[in-house]
Amino acid sequence: MSKVERFEDLIVWQKARILTRDIYQVTQQGTFARDFRLSRQIQRAAVSIMSNIAEGFERSYLGEFHQFLSIAKSSCAELRSQLYIALDVRYLDQVKFNQLLNQAEEVGKIIGGLRISVYKQKHQNNSAPSTK
């Protein structure tokens with residue numbers, strides 16, 4: 001297994017990117033597009049997920065990466081909550097809601113696993129600067 005050198009190589013970032021693209025696609029259609037506040041909020045949450053993964057990866061200390069992963073995971077929960085709103089007000093049908101919710105849950109689970117791995121590595125290395 002080779003060492004990940006760039007955040008773009010992280011599977012979780014790649015999946016967050018796809019989720020963000022899909023969120024943008026649904027929020028730019030029909031009545032969802034006319035609800036400026038909700039569409040922009042859910043877009044911001046999606047962008048926050050992938051951005052925090054990237055920013056944390058580029059930090060010098062594992063503790064910082066862990067913190068940014070925590071923020072990304074929180075943004076994932078925010079996005080999931082907003083998907084329920086979109087379903088409840090009928091901006092999304094059940095099929096599209098399920099698809100996006102499953103994507104968001106998958107990203108959240110991968111982030112959670114990565115957080116645990118980073119935490120363990122951090123405590124093994126006593127917060128020494130990473131060699132990325």
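Before reading on, note that the structure itself is shown above.
Residues numbered from 1 in each chain as written. Predicted model: local features only at pLDDT ≥ 70, side-chain atom pairs only at ≥ 80, totals over all residues. Heavy atoms only, no water.

K.L.:
Would you take a moment to explain the overall build of the protein chain for this structure?
P.N.:
A tally of helices and strands in the protein chain yields five helices and zero strands. When its helices and strands are written in sequence order, the protein chain yields α-α-α-α-α. Based on the C-alpha atoms only, the size of the protein chain along its principal axes is roughly 50 × 25 × 20 Å. Burial status across the protein chain gives 39% buried among its 132 residues. Across the protein chain, contacts joining residues at least 24 apart in sequence account for 72% of those joining residues at least 6 apart. Surface exposure of the protein chain reaches about 7,800 Å², of which carbon and sulfur atoms provide 50%. (Helix = DSSP H or I, 4+ residues; strand = E, 2+ residues; numbered from the N terminus. Buried < 20%, exposed > 50% of the residue type's maximum accessible area, 1.4 Å probe, protein only. Contact = heavy atoms within 4.5 Å. Areas by Shrake-Rupley, 256 points an atom, 1.4 Å probe, with all protein chains shown as cover.)

K.L.:
Just checking my understanding: could you explain the packing of aromatic side chains for this structure?
P.N.:
Working definition: an aromatic ring pair is given by the centre-to-centre distance plus the angle between the planes. Inspection of the entire model under this criterion finds four aromatic pairs. Taking 5.2 Å as the distance between ring centres and 70 degrees as the angle between the ring planes, the aromatic pair formed by Phe7 and Trp13 counts as edge-to-face. The pair formed by Phe7 and Trp13 is uniform in burial state, with each residue classed as buried. Aromatic pair Phe57 and Phe65: ring centres 5.9 Å apart, planes at 85 degrees, arrangement edge-to-face. One exposure class covers both Phe57 and Phe65, and it is buried. (Phe/Tyr/Trp six-rings, centres within 6.5 Å; stacked < 30°, edge-to-face > 60°.)

K.L.:
Quick question: what am I supposed to make of the environment of Ala16 here?
P.N.:
Relative to the elements of secondary structure, Ala16 occurs in helix α1 (residues 11-27). Taking C-alpha positions, Ala16 is 10 Å from Ile110, a pair spaced 94 residues apart along the chain. Beyond its immediate sequence surroundings of up to four residues, Ala16 is in contact with Ile49, Met50, Ile53 and Val107.

K.L.:
Explain the side chain of Asp22 here, please?
P.N.:
Within the secondary structure layout, Asp22 lies in helix α1. The contacts of Asp22, once residues within four sequence positions are left out, are Gln99, Leu100 and Gln103.

K.L.:
So what exactly am I meant to see when it comes to α1 here?
P.N.:
Helical periodicity: at 3.6 residues per turn, an α-helix aligns residues three or four positions apart in one direction. Taking 1.5 Å of rise per residue, 17 residues should cover 24 Å, and α1 covers 24 Å from first to last C-alpha, within 8% of that figure. Residues of α1 that are buried include every one of Val12, Trp13, Ala16, Leu19, Thr20, Asp22, Ile23, Val26 and Thr27, and no others. Those residues of α1 hidden inside the fold are in contact with α2 (30-34), α3 (36-57), α4 (62-88) and α5 (94-125). (Expected span 1.5 Å × (residues − 1).)

K.L.:
Where do I start with the pattern of salt bridges in this structure?
P.N.:
Pairs can form between side chains of opposite charge once their charged atoms are near each other. As enumerated under the stated definition, the model contains six salt bridges in all. A salt bridge links Arg6 to Glu8; the nearest nitrogen and oxygen atoms lie 3.9 Å apart. Exposure remark for Arg6: the relative accessible area of 44% places this residue in the partly exposed category. Given a relative accessible area of 27%, Glu8 falls into the partly exposed group. The closest approach of N and O atoms between Arg59 and Glu55, which form a salt bridge, is 2.8 Å. Here the salt bridges do not stand alone but share partners, grouping Arg6, Glu8 and Asp9 into one network. (Salt bridge = Lys/Arg side-chain N within 4 Å of Asp/Glu carboxyl O.)

K.L.:
Would you mind showing me how to read the nonpolar core here?
P.N.:
Among soluble globular proteins, nonpolar side chains are generally buried collectively. Of all hydrophobic cores here, the largest spans 36 residues; its most connected members are Ile49, Ile53, Leu79 and Leu83. Breaking this core down by element, the ones donating at least two residues are α1, α3, α4 and α5. Beyond its immediate stretch of four places on either side in the chain, Ile49 contacts Ala16, Leu19, Ala72, Ser75, Cys76, Leu79, Val107 and Ile111. (Core = buried A, V, L, I, M, F, W, Y, C linked by side-chain atoms within 4.5 Å.)

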